[in-house]
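Now for the letters of each chain:
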Amino acid sequence: MSHTDDFQHPNQPARLLVGCAGWTIPGADRDAFPSEGSHLEKFARVLSAVEINSSFYRPHRPETYARWADCVPAQFRFSVKLPRSITHDAKLRDIAEPLRDFASQAGALGSKLGCVLVQLPPKLGFDPELAGEFFARLKETFSCTIACEARHPEWFADGASELLERQGITRVIADPPKGQDGPHRPTTDTIYVRLHGAPRIYYSSYGDDYLDELACNMLEHARAGRTVWTIFDNTASGASVPNALRVQGVIAKA
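Small disclaimer: the values here were computed from a predicted structure and weren't measured.

Colleague: Help me understand the overall build of the chain, please; the structure alone is not making it clear to me.
Modeller: Secondary structure summary: the chain contains eight helices and nine strands in total. Relative to the compact-globule value of 18 Å for 254 residues, the chain shows a C-alpha radius of gyration of 17 Å, a close match. By principal-axis analysis of the C-alpha atoms, the chain measures approximately 50 × 40 × 35 Å. Counting only residues that meet the buried cut, the chain has 51% of its 254 residues in that class. When the accessible area of the chain is evaluated, it comes to approximately 11800 Å², of which 48% is carbon and sulfur surface. If you average the places of the 28 positive and of the 31 negative side-chain charges in the chain, the two averages end up 4 Å apart.

What follows is the structure in structure tokens.
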């Protein structure tokens, strides 16, 4: 039985989604993947999700998203990062046109669009009226999970937490955390973990003990009925893929 066969189907209450920020397969790990197909096709036959970060920097044509969706298994899911033109340039204001463009592009993933990831600038504080309008518009536009990785301390205070809870926005668990002082306060029943690498962000690999414990925590959440995304963003040194493979290996044996 393949790893993805172990995952629950979309109409079931919980799923374990393990992947990386991008689908590049390092040469040292190529034997863990099929030999035939594109990098995405190979990646999606072994892991269960991928985070598209390139959408943050530049648009992709709807045809490109559709082609990506067509070449992965039915249960595979994409998380797509909201463009920086919305989060960093416009700072969440007057975003109707760029959001419409992004939705027309990423929406071509169809049912395989599992999440829209919102990463906010470190200097962007919490404005309750602006945030409320922004996330309401996102929820109207997308039926998938909306995950928010805020990095200003104001986004971790009670008021921001309560707004995210009301709007059904999943607060990202980031490692290393930025702006967060104190324990993580979940805002929905979905768990979204972004592992950037520590101590050296984007480079450091995680140890086996840490990864094994992470996998066990994922399983506990899934058994409680929660969907769990675990995305490795420590891509600069090629650590993301072996780290993801370690986690999915533990899950597959459970």
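Once the structure has been displayed, the description carries forward.
Colleague: Mind showing me how you'd approach the nonpolar core here?
Modeller: What tends to happen in soluble globular proteins is that the nonpolar side chains get buried as a cluster. Residues Phe78, Phe135 and Phe142 are the most contacted members of the largest nonpolar core, which totals 67 residues. Here this core gets six residues from one element, more than from any other, and that element is helix H7 (residues 208–223). The next biggest cluster of nonpolar side chains, apart from the first, holds ten residues, and it includes Leu117, Ala174, Tyr192 and Ile231.

Colleague: I'm lost on the environment of serine 104 in this one. Help?
Modeller: You can see serine 104 is positioned in helix H4 (residues 96–106). Sequence separation between serine 104 and aspartate 127 is 23 residues; the distance between their C-alpha atoms is 28 Å.

Colleague: Looking at this model, I keep getting lost on the side chain of threonine 190. Mind explaining?
Modeller: Within the secondary structure, threonine 190 sits in the loop between strand S7 (173–175) and strand S8 (191–195). Classification of threonine 190 by relative accessible area gives buried; the value is 18%. Not counting residues up to four positions away in its chain, the partners in contact with threonine 190 are Thr145, Thr170, Thr227 and Trp229.

Colleague: Explain the packing of helix H5 (residues 128–141) against helix H6 (residues 158–167) to me, please; I cannot follow it from the model alone.
Modeller: Orientation of H5 relative to H6, taken along the N-to-C sense of each, is 20 degrees, at an axis distance of 10 Å. Here H5 lies roughly parallel to H6, going by the angle between them. Here H5 runs over H6; the crossing is right-handed. For the pair H5 and H6, contact is made by Pro128, Ala131, Gly132, Phe135, Ala136 and Lys139 and by Leu163, Leu164 and Gln167, respectively. Split into classes, the residues belonging to the contact of H5 with H6 amount to six nonpolar, two polar and one charged.

Criteria and cut-off values
Residues numbered from 1 in each chain as written. Predicted model: local features only at pLDDT ≥ 70, side-chain atom pairs only at ≥ 80, totals over all residues. Heavy atoms only, no water. Helix = DSSP H or I, 4+ residues; strand = E, 2+ residues; numbered from the N terminus. Rg over C-alpha atoms; globule rule 2.2 N^0.38 Å. Buried < 20%, exposed > 50% of the residue type's maximum accessible area, 1.4 Å probe, protein only. Areas by Shrake-Rupley, 256 points an atom, 1.4 Å probe, with all protein chains shown as cover. Lys, Arg positive; Asp, Glu negative; His and termini not counted. Charge placed at Lys NZ, Arg CZ, Asp CG, Glu CD. Core = buried A, V, L, I, M, F, W, Y, C linked by side-chain atoms within 4.5 Å. Contact = heavy atoms within 4.5 Å. Axes fitted to C-alpha atoms, helices over the stretch in contact; angles between N-to-C directions. Parallel < 35°, antiparallel > 145°, perpendicular 65-115°, else oblique. Left-handed = near helix turned anticlockwise from the far one by under 90°. Nonpolar A, V, L, I, M, F, W, Y, C, P; charged D, E, K, R; others polar.

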